[in-house]
Amino acid sequence: MEKLMIAGGYPLKGTVRISGAKNSAVALIPATILAESPVTIEGLPDISDVQILKDLLEEIGGTVEFSENDMTVDPSSMISMPLPNGKVKKLRASYYLMGAMLGRFKKAVIGLPGGCHLGPRPIDQHIKGFEALGARVTNEQGAIYLRADELRGARIYLDVVSVGATINIMLAAVRAKGRTIIENAAKEPEIIDVATLLTNMGAKIKGAGTDVIRIDGVDQLHGCQHTIIPDRIEAGTYMIVGAAAGEGVLIDNVIPHHLESLIAKLREMGVQIETNDDQVFVGRAEKMKAVDIKTLVYPGFPTDLQQPLTSLLTGAEGTSMVTDTIYSARFKHIDELRRMNANIKVEGRSAIINGPIQLQGAKVKASDLRAGAALVIAGLMAEGVTEVTGLEHIDRGYSHLVEKLNGLGATIWREEMSKEEMEQMKNA
Ligand code: EPU
């Protein structure tokens with residue numbers, strides 16, 4: 001097992017290229033199940049979630065070629081193999097196998113998903129959608145059993161705006177009989193990306209990216225080629241890196257429009273930001289000002305950038321308040337930031353950050369993916385060396401993090417953990 005070592009305080013400069021979007025990739029790959037002939041997805045990120053989904057497609061009989069960042073899936077020999085245990089438990093997005101297998105085979109058995117622990121993450125809205133389409137859904141010993149004689153289009157109102165439920169219902173509905181309308185749908189760019197792939201496969205979808213999505217079911221879907229959108233959360237993370245420790249960082253392969261809420265907040269803090277078609281330049285602010293943040297569904301401020309931004313706010317003058325309205329327990333990074341000398345307290349769903357503080361290197365643990373990103377940013381800002389364990393979380397979502405940061409001039413490396421350190425971690 002490895003840990004990440006970061007020697008803080010080095011100024012970062014140069015260009016970093018953003019990879020394909022994790023939260024698109026984890027839906028696009030299961031979506032290939034719905035076709036009858038090969039689908040190619042270009043530009044996938046090199047992250048463990050992608051590798052696990054590739055293995056799962058092979059487990060159900062798919063033929064998958066994956067080289068560099070491009071994956072071709074031949075779904076023609078897939079079968080509706082039950083997946084109650086094993087790799088499905090490793091990532092949250094394995095729930096997309098439910099919608100895709102239900103759409104193609106009218107049945108599926110999928111273990112309840114794993115993923116980051118951020119407070120309650122029910123999938124009741126996914127199930128409500130599947131049932132409305134005519135599926136019988138039961139939960140037996142930690143696995144969801146879905147079965148339908150036929151899927152019929154329906155009008156589905158989501159009680160909670162959920163990316164996962166919106167995409168999952170779309171996956172099942174594209175091969176249902178008749179029209180499905182999803183109301184109060186999520187509007188994230190990843191939903192448009194999945195709808196674009198499905199449309200290229202022959203699906204009939206209107207309104208993706210708005211809160212009403214209309215789907216007219218078709219009998220069959222065919223293969224196609226699709227290029228994934230850039231990862232707005234990875235891009236946002238590097239923008240925060242640029243503000244935290246940069247002397248001019250250019251973020252390449254990004255859709256600036258996807259990051260308007262972060263751009264506005266960084267500018268409010270006094271950070272210089274310039275954008276063009278597919279790049280964002282982040283200059284260093286001489287003195288950053290405290291700001292308040294409330295996470296909201298897209299196009300509001302993304303919860304996935306709340307944790308990385310908290311680290312940056314420790315260096316801002318004044319008191320900032322970060323409120324997470326999406327997750328009740330996405331503050332596990334705060335205790336670790338405190339170990340690094342941050343002055344933060346958590347009250348309910350808000351973190352109150354007093355700054356500016358000079359962070360100090362320390363031994364810290366990433367409890368989830370974006371907590372990991374937050375600690376890396378803190379490590380880059382800190383005096384001395386920071387050791388981050390829990391790298392398996394970071395590897396789920398950040399493609400070549402160490403190489404990209406070293407490319408900007410950071411001093412960061414992976415190191416094998418000693419037996420004693422691993423024991424200590426287990427007992428912690
Ligand atoms: N929710 C429900 N019922 C549902 C679905 C969601 O009540 O059926 C509620 C949850 O309780 C929570 C909120 O809706 O309050 C978000 O839930 P969830 O974690 O299920 O969201 P998601 O759609 O599965 C996606 C991203 C997350 C991102 C959220 C919010 C993927 C694979 N995951 O999750 O990404 O935080 O939307 O934008 O797309 C990450 O990348 O680090 C990450 C966690």
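How each quantity is defined
Residues numbered from 1 in each chain as written. Predicted model: local features only at pLDDT ≥ 70, side-chain atom pairs only at ≥ 80, totals over all residues. Heavy atoms only, no water. Helix = DSSP H or I, 4+ residues; strand = E, 2+ residues; numbered from the N terminus. Buried < 20%, exposed > 50% of the residue type's maximum accessible area, 1.4 Å probe, protein only. Pairing = 2+ DSSP bridges.

Undergrad: Mind laying out unusual backbone geometry, listing which residues take part and the relevant values?
TA: For the bond running from Tyr 298 to Pro 299, omega is 10°, close enough to zero to count as cis. Among the secondary structure elements, Pro 299 is positioned in the loop between strand 17 (292-295) and helix 9 (306-313). The omega angle of the peptide bond from Gly 355 to Pro 356 is 0°, so this bond is cis rather than trans. Within the fold, Pro 356 resides in the loop between strand 20 (350-355) and strand 21 (363-365). The phi angle at Gln 141 is positive, at roughly 50°, despite the residue not being glycine. Assignment of secondary structure puts Gln 141 in the loop between strand 7 (136-140) and strand 8 (143-147). For Asn 253, which is not a glycine, the phi torsion comes out positive at approximately 65°. The topology assignment puts Asn 253 in the loop between strand 14 (246-252) and helix 8 (260-269). Given the relative accessible area of 21%, Asn 253 is considered partly exposed.

Undergrad: I'd like a rundown of the pairing of strand 14, residues and numbers included.
TA: On any regular strand, side chains alternate: one points to one face of the sheet, the next to the other face. Summarising burial for strand 14: five of the seven residues are buried, a large majority. Pairing of strand 2 (residues 12-17) with strand 14, which is carried by five bridges, proceeds in the parallel orientation. Paired with Gly 14 across the bridge in strand 14 is Val 249. As defined by bridge partners, strand 14 adjoins strand 16 (residues 279-282) across four bridges and the pair is classed as antiparallel. Along strand 16, the bridge assignment pairs Ile 251 with Val 280.

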